[in-house]
Structures are given as structure tokens and as C-alpha cells.
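Notes for the structure review
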Protein chains: 4
Amino acid sequence: MPRVSEKYKEEKRQAILDAAAQCFAEKGYNETTVDDIAKASGTSKGSIYIYFKSKEELFHLLNEKRTEKYFEIKDQLKQLDGATKKVNHLFQYFLSGKTDEEDFNQIAVQFEFWIYISKGDHQKLFDERAERFTRFLEEIIEEGVETGEFREDVQVSEFSRLFWPLLDGIVLHLLFHKSEESHKSMLQLYHQMVLRYLLP
Amino acid sequence: MPRVSEKYKEEKRQAILDAAAQCFAEKGYNETTVDDIAKASGTSKGSIYIYFKSKEELFHLLNEKRTEKYFEIKDQLKQLDGATKKVNHLFQYFLSGKTDEEDFNQIAVQFEFWIYISKGDHQKLFDERAERFTRFLEEIIEEGVETGEFREDVQVSEFSRLFWPLLDGIVLHLLFHKSEESHKSMLQLYHQMVLRYLLP
Amino acid sequence: MPRVSEKYKEEKRQAILDAAAQCFAEKGYNETTVDDIAKASGTSKGSIYIYFKSKEELFHLLNEKRTEKYFEIKDQLKQLDGATKKVNHLFQYFLSGKTDEEDFNQIAVQFEFWIYISKGDHQKLFDERAERFTRFLEEIIEEGVETGEFREDVQVSEFSRLFWPLLDGIVLHLLFHKSEESHKSMLQLYHQMVLRYLLP
Amino acid sequence: MPRVSEKYKEEKRQAILDAAAQCFAEKGYNETTVDDIAKASGTSKGSIYIYFKSKEELFHLLNEKRTEKYFEIKDQLKQLDGATKKVNHLFQYFLSGKTDEEDFNQIAVQFEFWIYISKGDHQKLFDERAERFTRFLEEIIEEGVETGEFREDVQVSEFSRLFWPLLDGIVLHLLFHKSEESHKSMLQLYHQMVLRYLLP
DNA sequence: AATGAATGAGGTTTCATTCAT
DNA sequence: CATGAATGAAACCTCATTCAT
């Protein structure tokens, strides 16, 4: 089907990506064959290689997408005033969103991807991502300290850096135990701990 | 009458396990071949199948070992009196221990294993492990609340359940960023947050 | 009534052939993909199949073209009188011509083609070609013997048959070593050997 | 069949090499699949990769073997005295030997190999081989000139360099036309031309 | 006539496991 | 018990050809 519209191509690309995410989440990266992805996306093996360079590229792209998704919230936060409100909204966001299957798949794929590339020298990739997330939070915490909403002795930088790994721990737990309920309860308690650390 | 002594066999088993841990940590489970393990352990591919059923069994056993190691500390804690002291000692333990390479390898392997078995119905495995860890901490927190060391409104059960995933998050971070220093700094701040949550 | 002129079509055909020759020469027949040819000729994969039946057909046609080119010289020789002069002119032709890249490419493709079809029953193709070349030279040598320019004991038929393989050997050498200088020096010495064999 | 004797392994290696030569000669390098070689040698595809790194390595090794074979004659020549005798013996050798199928296969494979590697920068490989062959002949021709057997004006170096390409041309012809008779007749005439060039 | 996405057979290579020695 | 050659299924990826647009 040549001379096909840009839209068609974009849809096909997306269909393959979705299928890949699904497969990776279900069977893991290594256990997933390109044939699996082809079948799941309703195309042929060959077509996948028209749209993507390799199975690994699919893995990479899926991870990038996931990371970008995290930053969607940044814009929402800008409109709020008050650091506490922002932190609260952040947790609200975490608590509300994770219901759909697709999101769940993305988490699984993301962690597997990290483990996957933790071998080999992809240090930079990790560090950049961490830095981005840290700065994102730092702005909020700094604001809170300056306005006096938060305690003066908050270790702004250290805390901003710690925040995300702790969150990752909770998400990892979700991946393993697959209990939505337990996950939300954990987020709430984590929220409480964070506030108790920040608020005077 | 066996040709070789029990002791010899046990040592060989251990050598293979160690080699497997090393290889898995370095290259990942999938990238590691049985040949790699054979070479690293100084035996032959065939011998590995005398001592172990499959490559996957090695993976399973390695993970169990790692879990056991965590509970070594339990005995140490019993001798201390005071819940705060125990919590402090726990963090002391985390801060002191993780220096050797072998330990580091085990962490890498463990996370990969979890991701690996998060597909398929190994729910029970995870849940049992979580339960065990939770109970371990619950005893300490409960004690603290009862003696009045900790605040009355501490959510004992929820906190005990949350504690480990958060710790896992920090360890996962270590796996990716490989900075001992950053790791320790995170542990210290986490320690502080925990105390601020628990102490009146 | 055709949509495009004959001339346009002929030019397009030629462009594809040229591109194919270029690609085959650079990467070899097997390593060249139809996509390569499409890109090099500035058309699409699909178009190539409008003008040619298959990738293999391009290979065949290219070889035929090369053979034809060899016979261009025949007309030039007719105008000369004296067998020695003709032989000398032949060598002059070889010595002068092979400078352009395209010619070089054609040689490479030609040899690869021969090897390629030396499997399978294309005996006839070879034999016909050889016969044609042999006869071409035979006429000259015969003339020389008859006029007394050449020795009487020259084995006309055998020599005419041998002449071309020897020349092929030199050209093959050029293909491998790619030294224009060495190639010319060889041609000159071969010329000398030929004359010493033919002249009294 | 482990702990297998060195002899067994050597035989197996050789069997695979022979099978590969056979297949390459029959169908060409590209048309030959590893499965073909496996079947022809009576093993499995996997086994081939125990003994050889890749299909291409088989190709390389086969070519090296062929080159070595050429130099077997060197020792025979040493025992003869007189440059003319040596040259004659050389041609005797060419005329006598090429009867068996295996030899024929080797020729086919060798030419295909050369074409194959003429793309890519394997210049050195060619040059080294040419140098070796040239020097081999140079010694003989030099001797002849010094003893006065050969003409004084023989261009020793140029001739020695030219000799082999011309021979290659004849062998190439054999590959295409597969006529033993025609091949021998060509060798004889070439012999004559060589002598007429060398002898006073 | 022109395009280039689609196809799927087929290529090379890897590797967990077995088993004869 | 120890070995490592043998196996063959299966993985990823390529590409000549077709055909809907």
C-alpha cells in the first residue's frame, strides 16, 4: 500500500509500538519474539523492520515514551500556587492515574529496560534522566523553603534526588504484587512521610 | 560409595553458584551462556548439569540465597534493646555492608530475577517474601509504639509494608548509577525521614 | 498512445543499467540490493521491475553490453592494412582505453557474472562468446601468415584461442590489484611476447 | 562424542572443509547454505560452528589451502638443475595434475573467492600472494639469465610478474569451458610462447 | 507509469541440553 | 564423575518481488 498517507503510517507505527509494549509486558523482552510482535500488531515480521530498525529500538522508544509521560504533569503543576499544593497534586496524580492496563505494561517494560541497559555503559542515559527528574522537584521544594511553607532545614537537593527512587520502589512493588489497593495505600503513606519531612 | 567426598561436591556446587552470580551480574541472565558459567567456574558445561537442573535453577537458587542473607541481621537486632536502637542499627547495617563486589552482583541478579519472574504466576513467591519482611519490621515498630518510643498514630502495618519497597528503590538506584557515595547519602536521608515519621 | 516518450523510457532504462553496473562493481552482485540500484538510479524499486524482469536480468544485460563493446574495435582494424599493424593497434587500444571508472566497473561485473553462471548449464553462452573472439583474431593471424609477415609455423587456431584467456588473466589481475601502472606494464610485455611468437 | 581424539577432530574438520569446497564449487558461495554444507558433510548445522567461526571462514581457509598447494612444487624444482628444465617441469606439473574433481572444485572456489574479496580493502592479501608467486619465478628466471640459458634482455622482474596472471587466465578458461583437452592445448602453446620469449 | 509498503521464505548464527566416551 | 562434541529448534534480520494506490 504505497503512497500511503502520513496518518496511516503514524497509526501503523503506533500499532506496532503498542503491540510491542503489550508483548514485552506479558512475556518480557527476551521471551518476546519479533514474530510475536508481528502477530500482535497484525502485520508481518518484515513490516516491523520498515518502521523500526530493530527489536531493541522498540525497547528504547517505549522507554523514552514512558519518561516523557512523566513530565506531562509539569505543566499542570505550574498553574498551582504554593509548594505544598504542588506536592499534593503530584501525589494526586500518582494516585489517580495508574488504572489502565496500558500504563501498567509501560511500567513493566520500563523496569526491564533499565535492568537491561544497566549492563553496558549507558551510565549517561541514567544520569541524565535522574538529573532531569531531580531538577523538576528541586524547583518545587526550593519554592516551599523560600516561602516558608517548608522547614528551613530541608535538604533540598538531597531530598529531590531521593524522592524518585523511593517512588520507583513503590512502583516496582506494584509490578510484583499487582495489587492496586496495596499500591495506593503505599502512596498515601509515602505522601504522609514526605509531608512530615517537609512541613514545619 | 561415592567417588568424591561430600565436601568436594559442596565446594564445586558453590563455585558454580558463585560463577553464575558473577556472570549474571556482569552480562545479565539472558546474555550469560552456560559456557560462560562453565568457564568462570573452571568446570565443564556437562558438570553444571550434574549439579543443577538448568540455567534457570541457578537463577532461582541465587535469589533465595540473597533473601536469606537479609535475615542474618535479625539475630543481631534481637540483642539490642529499644526499637529506635534497632531501627538505627538496621540503617547502620545497610550503610556499612554494601562494599564488596559480590554483594553488588547479588543485587543486580536479584532485581533481574524479580523482573524475570514477574511474568507468569509467581505471585505467591513475591507475596511470601514481602510478608516475611513486613513481619520482621512490624515486630520492631510495634515494640516502639508500645514502649512509647514511637508516636501512637504510627500506622504500624502499613509502614512496615512500605519500608522495604522504598529501600528497594534506593538499591535499584545504586544498581543504575553505581555511585556508592550517592547511595549512602540517600540512605542517610531516608533514615532521617523514617525517624521523623516514627518519633514523636 | 504512450504517456511518456520512447526517448524518456530509453534514458530511464539506461540510467538503471548504469546504476546497476556501478552498484554491482562496488559491492558485488549478491551484496547489491534492488534498493541500492533504485537509490543510485534515482527511481523507485517498483520502477525497476517495470523496465526489467529481475535483478538477474540486469546482470545478464550488463554482460552482453560489455561483450559488444569489445567488438567496436573490429571496425577500426579493418581500415588498417598489415596484420602486424592490426595486432599493434589492438594492444594500443587496450593500453589507451581503460582509464575511465565505468570501464573498470564493467570488468568487475563481467568477471563476477562469468563466475556466477559458470555453475549451471550455460556452457553454450561461454562457447559462443569464445568462438566469436577466436574467429575475430584468427582472421588477422591468418592474414599475417599468408602475407608472410608472420612465421609459417604459427599455430593459427590455437594461438587465436589462447590469446583471449591470457588477456583475461591480465585484466583479472587489474581487478585485484587496481594498479593502472602495473596493468600497462603487463600489457606491454604481453605484446612483446605475442610479437616474438608471431614474427619470424 | 566428547573426549574425542585429535585425529577424529581433524578428520571431521577436513570432512566439513571438503563438503564446503564441493558445495561452493557446485552452487557458488552465495547459493550454498550452511545447511547444504551440513548435509554434505553428514553433520548438523551446529557442529559446523564448533569447528569454524563462520561460513566465510570456510571460504577463506579453502583459498589458503589452494595457495599452499601451488607451492608444493617448489621443492620438486629445487632438485633439478638448469633453469630451462625447471620451467619445463613447471609446465609438466600443470599439464599432469588437474585431473581430479577436487582440484577442479578448488579452482572454482578460488576464483569466486578472489572476486568476492576484490570488493572491500583486502588489497594486502592480493599483493602478498602476488609477491610470493613472483619471487618464486624470479629466482628461476634469474638463474637462467645468469647461466646464459636465457636471453640477456629478458625483463626478469616484469616477466615473473606477468607469468601468473597469464596462467590464471588459462585456468579461468578451464573453469568456464570445462574442456580438459582445450586446457592442455592452451598450456602447451603458452609453454611454447614462454620458451620463445626466454630462449635465445 | 510510478511508488514504496507489504510480504514471508530463507539466511546465518546461537545455545541449552544431552549423552557417548 | 567429568567432559565437550553434537544437536536442532528458534532467534533476528534481509530482500526480491508484488501490487494497491
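Keep in mind it's a predicted model, so treat the numbers as computed, not measured. (Residues numbered from 1 in each chain as written. Chains lettered and ligands numbered in written order. Predicted model: local features only at pLDDT ≥ 70, side-chain atom pairs only at ≥ 80, totals over all residues. Heavy atoms only, no water.)

Digging into the overall build of chain A
Using the following cut-off: Elements are defined by DSSP. Helices are runs of H or I of four residues or more, strands are runs of E of two residues or more, and each kind is numbered from the N terminus. In this description, contact between two residues means that some pair of their heavy atoms is separated by no more than 4.5 Å. In these tables, accessible area is a Shrake-Rupley quantity obtained with a 1.4 Å probe, and a residue counts as shielded only by the protein chains included in the view. Just so you know, the count uses Lys and Arg for positive and Asp and Glu for negative, and it drops His and the chain ends. One atom stands in for each charge, and that atom is NZ of Lys, CZ of Arg, CG of Asp or CD of Glu.
The number of helices and strands found in chain A is nine helices and zero strands. When the backbone C-alpha atoms are referred to their principal axes, chain A occupies close to 65 × 35 × 35 Å. A separation threshold of at least 6 residues defines the contact pool for chain A, and within that pool the share at least 24 residues apart is 68%. Counting every atom, chain A has about 9,700 Å² of accessible surface; 49% of that belongs to carbon and sulfur. Treating the 28 positive side-chain charges of chain A as one cloud and the 36 negative ones as another, the clouds have centres 5 Å apart.

Digging into the interface of chain A and chain B
Stated precisely, the cut-off is as follows: Note on definitions: buried area is the accessible-area loss of two parts on being combined, 1.4 Å probe, summed for both. Whenever Lys or Arg places a side-chain nitrogen within 4 Å of a carboxyl oxygen from Asp or Glu, that contact is recorded as a salt bridge. Lys, Arg, Asp and Glu make up the charged group, whereas Ala, Val, Leu, Ile, Met, Phe, Trp, Tyr, Cys and Pro make up the nonpolar group; the residues left over, Gly among them, are polar.
At the junction of the two partners, chain A supplies 45 residues and chain B supplies 45 residues. Roughly 4,100 Å² is buried in total at the junction of chain A and chain B, and carbon and sulfur atoms are behind 68% of that figure. Looking at the side of chain A facing chain B, the largest losses of area belong to Phe176(A), Met193(A) and Arg196(A), adding up to 18% of the total buried there. Put simply, Glu112(B) and Lys119(A) hold a salt bridge, and the shortest N to O gap is 3.7 Å. Where the side of chain A that touches chain B is concerned, the elements lending two or more residues are helix H1 (6-27), helix H6 (101-118), helix H7 (123-147), helix H8 (156-177) and helix H9 (180-198) of chain A. Take the side of chain A that touches chain B: its biggest share by element is 13 residues, from H8(A). Taken together, the residues of the side of chain A that touches chain B break down into 23 nonpolar, ten polar and twelve charged.

Observations concerning the domain arrangement of chain A
Residue and element names in this part refer to chain A. Here is the rule we go by: Per the annotation, domain bounds derive from an automatic or database assignment of domains. For this analysis, a polar contact is any N or O atom pair within 3.5 Å, provided that within protein one partner can donate a hydrogen and the other can accept it, and provided that sequence-adjacent residues contribute only side-chain to side-chain pairs.
Here chain A is described as being made up of domain 1 (1-52) and domain 2 (62-198). Its C-alpha centre places domain 1 at a distance of 30 Å from the equivalent point of domain 2. The interface formed by domain 1 and domain 2 includes zero salt bridges. Across the domain 1-domain 2 interface, the total number found is one residue pair in polar contact (both at pLDDT 80 or more). Each residue belonging to the side of domain 1 that touches domain 2 can be placed in one class, and the counts come to six nonpolar, four polar and one charged.

Comments concerning the relation of the copies chain A and chain B
For clarity, the threshold we go by: When the copies are superposed, the least-squares fit takes in the C-alpha atoms of residues with a pLDDT of at least 70 in both.
Overlay of chain A on chain B (RMSD 0.2 Å): rotation 179°, translation along the axis 0.0 Å. Taken together, the turn and the small shift mark the pair as related by a two-fold rotation axis. Among all residues of chain A, the one whose C-alpha sits closest to the rotation axis is Gly169(A), at a distance of 1.9 Å. Most of the interface of chain A is mirrored in chain B, where 100% of its interface residues again form contacts.

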